[in-house]
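Each chain is listed here by its residues.
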Amino acid sequence: MTAPAAITVFTSTGRPLTKRFAQQPDNSIHKETLATLYTGKAERVDAPTATALAGVLDGLGSMQAIATGQPKAGQSVEITTRANRQQGKATRSLEDFEFPADSGWLLWDYDDKTMPLKVTQRIADLGGPLAALFHIWPEARNGAYVIRPSSSDGVTAPNAPTVTSDGLHGFFLVRDVSQSKAILEALEARAWNEGLAWIALGKAGAKMRRSIVDTAVGSPERLIFEAGPLLVAPVTRRPRRPIIQDAQHPLDTPALPQDLLTMATQAEGRARDEIDPKAKQIETGFIDTRARDLAQRTGQALPDATRAIRQMMRGATLADSHLLQMKSGQWVSVGDLLDNPRNHNLSMPDPIEGIEYGTDKATLKIQPRHSHPTEHPRLISHAHGGRTVYRFARYDAPQPPQGGQATQDAPQQRVTLPKGIELASRRKVDMLAALNNTTPEAALPLAVSVAHHLQTRAPLIYSPLDVIETIKANIPTGYITDAEFDALQGRVDWLQEMRRDDVTQRTAITPDSYAR
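Below or above, wherever it landed, is the structure these notes cover. (Residues numbered from 1 in each chain as written. Predicted model: local features only at pLDDT ≥ 70, side-chain atom pairs only at ≥ 80, totals over all residues. Heavy atoms only, no water.)

**As for the overall build of the chain**
Put simply, the test is: Segments assigned H or I by DSSP are reported as helices when at least four residues long, segments assigned E as strands when at least two residues long, and all are numbered from the N terminus. Burial classes follow relative accessibility: with a 1.4 Å probe on protein chains only, a residue under 20% of its type's maximum area counts as buried, one over 50% as exposed, and anything between as partly exposed. It only takes one pair of heavy atoms within 4.5 Å for two residues to be counted as in contact. Note on areas: Shrake-Rupley with a 1.4 Å probe; residue coverage comes only from the protein chains shown.
Helix and strand content of the chain: eleven helices and 26 strands. Counting the 516 residues in the chain, one finds 48% classified as buried. Considering only contacts within the chain whose residues lie at least 6 apart along the sequence, 70% involve residues at least 24 apart. With the model as given, the accessible surface of the chain reaches about 25300 Å², and the carbon-plus-sulfur share is 50%.

And the structure:
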């Protein structure tokens, strides 16, 4: 018998899991996001219909949030940090949460913050965000769903304008919730073909794929904040009413023929080319501004500071002298942070986007994971829905392009990497599926191709270590040896250096240009 659709409700034993609004002396309304879950409980809750799901969401308290996946351990489990994980407890990670291959709720997260005017107009012409979604997913029009406004919507106070937000969370009942990522990526491709996707630029000019569908939310452990906000009097809230529709049958995974995928890829390529001059201009300005600031704060020579900023932007290694901004706005050197073991799991702003983007977008990991006892400290950022791993220069030794160099103490066999193979698809979800389904003979050539594509396509998102970790997490254990992985990381390091040299030549930043 098919199990009813369900979600997971998290209850925090620490801080609230919602937003907090308070009126300031100048009558403005200040928003604070309280959204970190360290310890608590995760419980599977049945929600077989849209009406049932809406009831669960309406009943959430300020210490609660949800996920669309379920605990692997069963009905409920205690949540703890990775460092304190033990028998009977779980971390909020893919190790302990999953999507069943059964019906469940798919999250649609609509956000228009970086949306260009032409896409805004396109959505208006279609009748609004939900109508635009139905335009690319017409099957969903007759499905079961719950559409809810952002928790910021309708917040107001005396002598202050009402906070309005066009952000929406939609939950759609699908036949196979384990296909959440594939569903979202199919819808994103359709969005590109219908003028409902765009390329946004980060603070440093990084190009980021965006659409009316956020593909980053299709993961079973992801926290979804649905509880009402904490309101400090005299702040009140009058949000828009949710839209609830029940239906008899769940939705199937939408089809995406190869010709439509090709058209979407071409549309994305044209958008990237169109915005490229602006991206380069922003990147050059960011490097110049941050390098001057770093040089002024540390006394470094400007060319050295510029190289340090470029390394940071690539998600590469950070020297001990590099400065990182803390939640308080204070700047602290990498060396001082690493010298204090108590800074393990310290949250901080993203190294590039800064405190304006959020105070807890990156986490410093000083201690190794239990499954990786030789792992060096690293800084992990999840800004813009990505995952960037920054390493630290004090722990890194240079690696040659073709694997480890032999030493007298520990001789190693030199590994020669094979030529890569042609990828059937360069979508990330398809490449990871290919890694999961490969054979021992094809594993290494396929890994070479995937590593090359990840590194050259998105150098600002994937560091060399991140590329290798992604491949390791998706390829069957034992198909690639440790020596071969070392060689592959050496190749990726080399590719990144070549990319850096190419970028340096194209932007043509010289010491003479600093005196503008």
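**Some details on helix α4 (residues 180–193)**
Rule in force here: Each helix should span, by expectation, one fewer than its residue count multiplied by 1.5 Å.
End to end, α4 covers 20 Å across 14 residues, agreeing with the expected 20 Å (1.5 Å per residue, within 8%). Most of α4 is tucked away: eleven of the 14 residues are buried. Looking only at α4, the buried set comprises Ser180, Ile183, Leu184, Glu185, Ala186, Leu187, Glu188, Ala189, Arg190, Ala191 and Trp192. Two residues or fewer after α4 comes Gly195, characterised by a positive phi angle close to 70°.

**Some thoughts on the sheet that holds strand β11 (residues 145–149)**
Let me state the cut-off plainly: Here, a strand pair is defined by DSSP locating no fewer than two bridges between the strands. All axes are obtained by fitting lines to C-alpha atoms, using only the stretch in contact for helices, and the reported angles, taken between N-to-C directions, cover 0 to 180 degrees.
Judged by pairing direction, the sheet is antiparallel, and its four strands sit side by side in the order β10-β14-β11-β19 without closing on themselves. With one partner strand each, in any of the chains shown, β10 (104–110) and β19 (243–245) form the two edges of the open sheet. Recorded for the sheet is a direction-independent mean angle of 15° between the axes of neighbouring strands. The pairing of β11 with β19 spans three bridges and is antiparallel.

**Quick word on the nonpolar core**
Threshold: Working definition of a nonpolar core: buried Ala, Val, Leu, Ile, Met, Phe, Trp, Tyr and Cys residues. They are joined through side-chain atoms within 4.5 Å.
Membership of the largest hydrophobic core comes to 59 residues, with the highest contact counts inside it found for Trp105, Trp108, Trp137 and Phe172. It is α4 that contributes the most residues to this core, six residues altogether. Grouped together as the second largest cluster of nonpolar side chains are 28 residues, Leu318, Leu323, Met348 and Ile352 included.

**Some points on the packing of α4 against helix α5 (residues 258–298)**
Axis angle and axis distance: for two packed helices, these are the angle between their axes and the distance between the axes, and together they describe the pair. Rule in force here: Should the near helix be turned counterclockwise from the far one by less than a right angle, the crossing is left-handed, whereas a clockwise turn marks it as right-handed. Following the grouping adopted for this structure description, the nonpolar residues are Ala, Val, Leu, Ile, Met, Phe, Trp, Tyr, Cys and Pro, the charged ones are Asp, Glu, Lys and Arg, and the polar ones are all others, Gly among them.
Where α4 meets α5, the axes come as close as 8 Å, and the angle between the chain directions of the two elements is 60°. Crossing geometry of α4 relative to α5 is assigned as left-handed. Here Ala189, Trp192 and Asn193 of α4 lie close against α5, whose contacting residues are Leu260, Met263, Ala264, Ala267, Glu268 and Ala271. Tallied by class, the residues present in the contact of α4 with α5 amount to seven nonpolar, one polar and one charged.

**Quick look at the packing of aromatic side chains**
Rules: Stacked, tilted and edge-to-face are the three classes applied to pairs of Phe, Tyr and Trp rings, where Trp contributes its six-membered ring and a pair requires centres within 6.5 Å; stacked means planes under 30 degrees apart, edge-to-face means over 60, and tilted covers the rest. We count a charge as sitting over a ring when the NZ of a lysine or the CZ of an arginine lies within 6 Å of the ring centre and within 35 degrees of the ring normal.
In total, this model carries five aromatic pairs according to the counting rule given. Aromatic pair Phe10 and Phe97: ring centres 5.4 Å apart, planes at 45°, arrangement tilted. Here Phe97 lies in strand β9 (residues 97–98) and Phe10 lies in strand β1 (residues 6–12), a separation of 87 residues in the sequence. Taking relative accessible area as the criterion, Phe10 reaches 0% and is therefore assigned buried. A relative accessible area of 1% places Phe97 in the buried class. Arranged with centres 5.7 Å apart and planes meeting at 55°, the rings of Phe134 and Tyr145 form a pair that is tilted. Taken together, the residues Phe134 in helix α3 (residues 129–136) and Tyr145 in strand β11 connect sequence positions eleven residues apart. Each member of the pair, Phe134 as well as Tyr145, is classed as buried. By way of ring pairs, the aromatic residues Phe134, Trp137, Tyr145 and Phe172 are connected into one cluster. Cation over ring: Lys472 sits above Phe485, and NZ or CZ is 5.0 Å from the ring centre.

**Things to note about the pairing of strand β2 (residues 17–23)**
Among the seven residues in β2, five count as buried, and that is most of the element. Note that β2 and strand β3 (residues 29–35) share seven bridges and pair antiparallel. Within the sheet, the bridge partner assigned to Phe21 lies in β3 and is Lys31. Remark: five residues form the turn of the hairpin made by β2 and β3, two consecutive strands paired antiparallel; Asn27 in that turn has positive phi of roughly 75°. Sheet topology places β2 next to strand β17 (residues 230–231); two bridges connect them, and they run parallel. For Phe21, the partnering residue across the bridge sits in β17 and is Leu231.

**Re the side chain of Ser347**
We count it as follows: A 3.5 Å cut-off defines polar contacts: any pair of N or O atoms within that distance qualifies, except that in protein one atom must be a possible hydrogen donor and the other a possible acceptor, and neighbouring residues in sequence count only when both atoms are side-chain atoms.
As for its placement among the helices and strands, Ser347 is situated in strand β23 (residues 346–348). At 2.8 Å, the side chain of Ser347 forms a polar contact with the side chain of Lys327. Residues in contact with Ser347, not counting those within four places in the same chain, are Lys327, Thr359, Asp360, Ala362 and Thr363.

So far we have only geometry, and geometry alone does not tell us how the molecule works.
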